[in-house]
Amino acid sequence: MSFYEWFFLEKGRAPAGLFSWSHLLSVTLILAAFIALGVYLGKRFKGNPKGQRRVFIIAAIGILALVVMKMAFLLATTDNIPNTLLENLPLFFCDMMVFMVPLAAFTRGRAQDICVDFIAICGFIMGAMGNYFAGNIYSFHPAFSYLSLISVFSHSIAAFASIFVFVSGINKMEKRNIPFVIGILFVYMSIALAVDYATGKNFMFFLGGDGTPFQLFLDMVQGNLIAYQIIIYILQCGYIGLFYAIYYPVVKAIRRKKEQKAARNAE
């Protein structure tokens, strides 16, 4: 058996299984490396807009290259190209980084602020949830395989981007941009839902859990799709709202503590 058959085609190999040691070990090591890189580059390019933009450009190239690599392989190994293209439309929650990272790299002004805030808020949870709860990946593929590694690197870039934003301090978190940050996700989810009903696919897991924790909520409402889909909207859009609700008091408390410390030092 050739390496191509073993690594790419996964011949003679069993799926890793969700939460198996190989799944947890591989995603933990790779995710930790990307988080460490985000911290390092965030500190290195703090206060350096040109350097920050270069980091975003490289991250954008990386995440887009992974999409191309995945699609090239899938199209080369399928007998049904139209269905393969349809099944792999970038309409899952984590796929949003395929658009948001390049937009953060190449837009300016308020548009960039909105994109950067979205990345800061959603990037890390995309990286963590997308890696650790990827039942749609590790239930069907070995941990060390082409498609699994494409997945873990893609999700880890999302986490990297979020950490980089916070450490470098480029997130604005302006209250006037909250409706737009949440609105981006709402519109994206609505497009995914429309495509699901039109094609019978399961983007954003609107039609079923597919081995992810969302299945718990579908079971909770006893298979009622409308109720389940409303819950999905509330969970994902509500997460951003909850983040803001926690972020502002925390930042205010930190600022107050710094001011008190500065006042004591000045005495």
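The coordinates are above.
We now turn to the structure provided with this report. As the structure is a computational prediction, the values presented were derived from the model and not from experiment. (Residues numbered from 1 in each chain as written. Predicted model: local features only at pLDDT ≥ 70, side-chain atom pairs only at ≥ 80, totals over all residues. Heavy atoms only, no water.)

1. Topic: the overall build of the protein
Broken down by element type, the protein carries 11 helices and 0 strands. The globule rule puts the C-alpha radius of gyration for 267 residues at 18 Å, and the 20 Å found for the protein is close to it. The C-alpha extent of the protein, read off along each of the three principal axes, is 75 × 45 × 35 Å. The buried share of the protein, reckoned over its 267 residues, is 44%. Sequence-distant contacts in the protein: of pairs separated by 6 or more residues, those separated by 24 or more amount to 73%. Only carbon and sulfur atoms are counted for the fraction: they give 69% of the accessible area of the protein, which is about 13,900 Å². (Helix = DSSP H or I, 4+ residues; strand = E, 2+ residues; numbered from the N terminus. Rg over C-alpha atoms; globule rule 2.2 N^0.38 Å. Buried < 20%, exposed > 50% of the residue type's maximum accessible area, 1.4 Å probe, protein only. Contact = heavy atoms within 4.5 Å. Areas by Shrake-Rupley, 256 points an atom, 1.4 Å probe, with all protein chains shown as cover.)

2. Examining the pattern of salt bridges
In a structure, side chains of opposite charge can pair up when their charged atoms sit close to one another. Inspection of the entire model under this criterion finds 4 salt bridges. In this structure, the salt-bridge partner of Glu 5 is Lys 11, at a minimum N-O distance of 3.6 Å. A salt bridge links Asp 113 to Lys 172; the shortest N-O distance between them is 3.4 Å. Pair noted here: Asp 113 is in helix H6 (residues 109–132) and Lys 172 is in the loop between helix H8 (146–168) and helix H9 (178–199), with a separation of 59 residues, a long-range link. Overall, the relative accessible area of 12% leaves Asp 113 in the buried class. (Salt bridge = Lys/Arg side-chain N within 4 Å of Asp/Glu carboxyl O.)

3. Brief notes about H6
In this model H6 runs 35 Å from its N-terminal to its C-terminal C-alpha over 24 residues, within 8% of the 34 Å that 1.5 Å per residue would give. In the structure, H6 departs most strongly from a straight axis at Cys 122, where the bend amounts to approximately 40°. With 17 of 24 residues buried, H6 is to be regarded as a mostly interior element. (Expected span 1.5 Å × (residues − 1). Bend = angle between axes of the 7 residues up to and from the residue.)

4. Some points on the packing of aromatic side chains
As enumerated under the stated definition, the model contains 25 aromatic pairs in all. Ring geometry for Phe 8 and Tyr 146: centres 4.7 Å apart, planes at 35°, overall tilted. Here Phe 8 is found in helix H1 (residues 3–8), whereas its partner Tyr 146 is found in helix H8, with 138 residues between them in sequence. Owing to a relative accessible area of 23%, Phe 8 belongs among the partly exposed residues under this scheme. (Phe/Tyr/Trp six-rings, centres within 6.5 Å; stacked < 30°, edge-to-face > 60°.)

5. With respect to the nonpolar core
Core analysis: the biggest nonpolar cluster contains 73 residues, and Phe 56, Met 97, Phe 118, Ile 119 and Leu 185 have the highest contact counts within it. Among the elements that line this core, the one with the most residues is H8, at 11 residues. If we ignore the near neighbours within four places in the chain, the residues touching Leu 185 are Phe 93, Met 96, Phe 118, Met 204, Gln 236, Cys 237 and Ile 240. (Core = buried A, V, L, I, M, F, W, Y, C linked by side-chain atoms within 4.5 Å.)

6. Looking at the side chain of Ser 26
With respect to the helices, strands and loops of the structure, Ser 26 is situated in helix H2 (residues 21–44). You can call Ser 26 buried: its relative accessible area is 18%. Engagement of the side chain of Ser 26 in a polar contact is seen with the backbone oxygen of Ser 22, the distance being 2.9 Å. Of the polar contacts made by the side chain of Ser 26, one reaches the backbone oxygen of His 23; its length is 3.0 Å. (Polar contact = N/O pair within 3.5 Å; in protein donor to acceptor, adjacent residues only side chain to side chain.)

7. Re the packing of helix H3 (residues 49–76) against H8
Running from amino to carboxyl end, H3 crosses H8 at an angle of 165°, the nearest separation of the two axes being 10 Å. Relative to H8, H3 is oriented roughly antiparallel. Where H3 crosses over H8, the two elements pack in a sense that is left-handed. On H8, the residues that touch Gln 52, Val 55, Phe 56, Ala 59, Gly 62, Ile 63, Leu 66, Met 69, Lys 70, Phe 73 and Leu 74 of H3 are Tyr 146, Leu 147, Ile 150, Phe 153, Ser 154, Ile 157, Phe 160, Phe 164, Val 165 and Ser 168. (Axes fitted to C-alpha atoms, helices over the stretch in contact; angles between N-to-C directions. Parallel < 35°, antiparallel > 145°, perpendicular 65-115°, else oblique. Left-handed = near helix turned anticlockwise from the far one by under 90°.)

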